[in-house]
Amino acid sequence: MANPVAPQIAILGAGIFVKTQYIPRLSEISNLVSLKAIWSRTEESARGAVEIAQKFFPGVECKWGDKGLDEISQDSSILGVAVVLAGQAQVDFSLRMLKAGKHVLQEKPAAASTSQLEAAIAGYNSVCADIPSKPIWAVAENYRFEPAFVECKKLVSDIGDMMNVQVIIEGSMNSSNPYFSSSWRRDFTLVGSEVVSVSALTSYVDKTLPPPDNITSLFQLANGCSGVFVMIVSSSSPKIIWRVVGLKGTLQVERGKHDGQHGYLVTLYSTDGQSKSTFYKFSGVTDEFKSFIYDISQASIKGNDHKTEPRMSFEEGARDVAVLEAMLESGAKQGAAVQVKKF
């Protein structure tokens, strides 16, 4: 049941992710938030998403084109806007909404390159200079909200001094994937880890994808620990695994399925050969929404005195882009070490 006093938000974008993730996940927390409008460039696209949303948010309005965008930016009842558009377009739309005083939750990637990130941050600072209460600019980094990773952060201290980190991502971005034909994904694919320098080799094998489609990278963390990051964009047997090896044990996170639910299996291996596993189902998208809704509600009461969730900060999203850009740059230089730009 919708809550009449819940903060009202709008969504810019009406693509697959809005229809299959945003609307269903927001419907689960309709006691916390009210969806006022969905906008798209075309009326047809906007109507398609609104049709789905109406089941959960009966009053949701359909907006499209320049006129619809103006109506959303001028509607003082809309507190926050989710920007879920093609990767290259998101920053411009986010800044437009921030300028109108709206809080923004922008889908990842934060931007397409570090030079665009710097321009985006400068644009945001200039917007904030003219607005007494600073609007929140959050990036939807849902991985950071997955219960499996939240739990791992607590368990890392149990494995003692960190010796090595391994991240292996064998994706399934091929013609059978519903996101395959999204035009922006054919220009770049983004993943990230907090690192200070990288040395990477890249290759191009699957010609149905844009290059490169494989990255193998060594990376150095700020704490001195080294690791390896492997990404295969299109694998016939997808696998995603993180391993953190310490002096007193190893922590492993593996994406998978348990009792029909998708999520992550977290296993803690101790030095005595014992292991303990726990499965956590996916809930990162829902949890990040809850966090954003809480932040915009508190900001409307406390203004700049409210401390927002650091996991969603634009700078955090910028660091992810910087890591991947450094890997691609190193790959282009046949593995030469590249320092990761700091944000």
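Residues numbered from 1 in each chain as written. Predicted model: local features only at pLDDT ≥ 70, side-chain atom pairs only at ≥ 80, totals over all residues. Heavy atoms only, no water.

- You'll find the protein chain entered in an unreviewed UniProt entry as Gfo/Idh/MocA-like oxidoreductase N-terminal domain-containing protein, with Cannabis sativa given as the organism.

Quick word on the overall build of the protein chain
Thinking step 1. Secondary structure summary: the protein chain contains 8 helices and 15 strands in total.
Thinking step 2. Expressed along its principal axes, the backbone C-alpha trace of the protein chain runs to roughly 60 × 45 × 40 Å.
Thinking step 3. For the protein chain, the share of sequence-separated contacts (at least 6 apart) that also reach a separation of at least 24 residues comes to 66%.
Thinking step 4. For the protein chain, the centre of its 34 positive side-chain charges and the centre of its 36 negative side-chain charges are spaced 1 Å apart. (Helix = DSSP H or I, 4+ residues; strand = E, 2+ residues; numbered from the N terminus. Contact = heavy atoms within 4.5 Å. Lys, Arg positive; Asp, Glu negative; His and termini not counted. Charge placed at Lys NZ, Arg CZ, Asp CG, Glu CD.)

With respect to the side chain of H306
Thinking step 1. Assignment of secondary structure puts H306 in the loop between α7 (284-302) and α8 (314-332).
Thinking step 2. Judged by its relative accessible area of 11%, H306 falls in the buried class.
Thinking step 3. Among residues more than four places away in sequence, those in contact with H306 are Y294, D295, Q298 and A299. (Buried < 20%, exposed > 50% of the residue type's maximum accessible area, 1.4 Å probe, protein only.)

So, the UniProt feature "domain: Gfo/Idh/MocA-like oxidoreductase N-terminal" (unreviewed entry) in the protein chain
Thinking step 1. UniProt's feature table lists "domain: Gfo/Idh/MocA-like oxidoreductase N-terminal" (unreviewed entry) at residues 9-120, given in the numbering used throughout.
Thinking step 2. Helix and strand shares over residues 9-120 are 46% and 23% respectively, and the end C-alpha atoms of the span are 22 Å apart. (UniProt positions renumbered as here; feature names shortened; annotations may be inferred.)

Comments concerning the packing of helix α5 (residues 114-129) against α8
Thinking step 1. Remark: α5 packs on α8, axes separated minimally by 9 Å, with the N-to-C direction vectors making an angle of 160 degrees. Taken together, the axes of α5 and α8 are roughly antiparallel relative to one another. In this structure, the crossing between α5 and α8 has a hand that is left-handed. Judged by residue contacts, T114, L117, A120 and I121 of α5 engage F314, A318, V321, A322 and E325 from α8.
Thinking step 2. Here the contact of α5 with α8 is built from residues that sort into 7 nonpolar, 1 polar and 1 charged. (Axes fitted to C-alpha atoms, helices over the stretch in contact; angles between N-to-C directions. Parallel < 35°, antiparallel > 145°, perpendicular 65-115°, else oblique. Left-handed = near helix turned anticlockwise from the far one by under 90°. Nonpolar A, V, L, I, M, F, W, Y, C, P; charged D, E, K, R; others polar.)

Thoughts on the sheet that holds strand β5 (residues 103-107)
Thinking step 1. Taken together, 6 strands build an open sheet; the order of strands is β3-β2-β1-β4-β5-β6 and the sheet is parallel. Two strands bound the open sheet, and with one partner strand each, they are β3 (61-64) and β6 (137-140). Sheet twist, expressed as the average angle between the axes of neighbouring strands with direction ignored, equals 25 degrees.
Thinking step 2. Pairing analysis gives 4 bridges linking strand β2 (residues 34-40) to β3, with the strands arranged parallel. Its bridge partner lying in β3, A37 is registered against E61.
Thinking step 3. Strand contacts of helix α1 (residues 16-28): β1 (8-12), β2, β4 (78-83), β5 and β6, with the helix running at about 170 degrees to β1, the strand carrying the most contacts.
Thinking step 4. Seen against the sheet, helix α3 (residues 65-74) touches β1, β2, β3 and β4 and runs at an angle of roughly 125 degrees to β3. (Pairing = 2+ DSSP bridges.)

So, the pairing of β5
Thinking step 1. In terms of burial, β5 is largely enclosed, as 5 of its 5 residues are buried.
Thinking step 2. Neither face of β5 is open: one carries H103, L105 and E107, the other V104 and Q106, and all of them are buried.
Thinking step 3. Sheet topology places β5 next to β6; 4 bridges connect them, and they run parallel. Bridged to L105 within β6 is A138.
Thinking step 4. Taken together, β5, α5 and β6 form a β-α-β motif whose crossover is right-handed. (Right-handed = clockwise from strand over helix to strand, strands pointing away.)

Topic: the environment of L221
Thinking step 1. Within the secondary structure, L221 sits in the loop between β9 (214-220) and β10 (226-232).
Thinking step 2. Look at L221 and you get buried, because its relative accessible area is 14%.
Thinking step 3. A C-alpha to C-alpha distance of 7.4 Å links L221 and S197, two positions 24 residues apart in sequence.

Here we look at the packing of aromatic side chains
Thinking step 1. All told, the structure shown has 11 aromatic pairs when counted by the stated rule.
Thinking step 2. Aromatic pair F17 and Y22: ring centres 5.8 Å apart, planes at 65 degrees, arrangement edge-to-face.
Thinking step 3. On the basis of relative accessibility, which here comes to 23%, the residue F17 falls in the partly exposed class.
Thinking step 4. Their ring planes at 45 degrees and their centres at 5.5 Å tell us that W39 and F93 sit as a pair that is tilted. With W39 in strand β2 and F93 in helix α4 (residues 90-99), this pair connects stretches of sequence that are 54 residues apart.
Thinking step 5. Look at W39 and you get buried, because its relative accessible area is 2%.
Thinking step 6. Taking the relative accessible area as the measure of exposure, F93 reaches 14% and is therefore buried.
Thinking step 7. When the ring centre of Y204 is taken as origin, the NZ or CZ atom of K207, which lies over that ring, is 4.0 Å away.
Thinking step 8. If you follow R311 out to its NZ or CZ, it ends over the ring of F145, 4.0 Å from the centre. (Phe/Tyr/Trp six-rings, centres within 6.5 Å; stacked < 30°, edge-to-face > 60°. Lys NZ or Arg CZ within 6 Å of the ring centre and 35° of its normal.)

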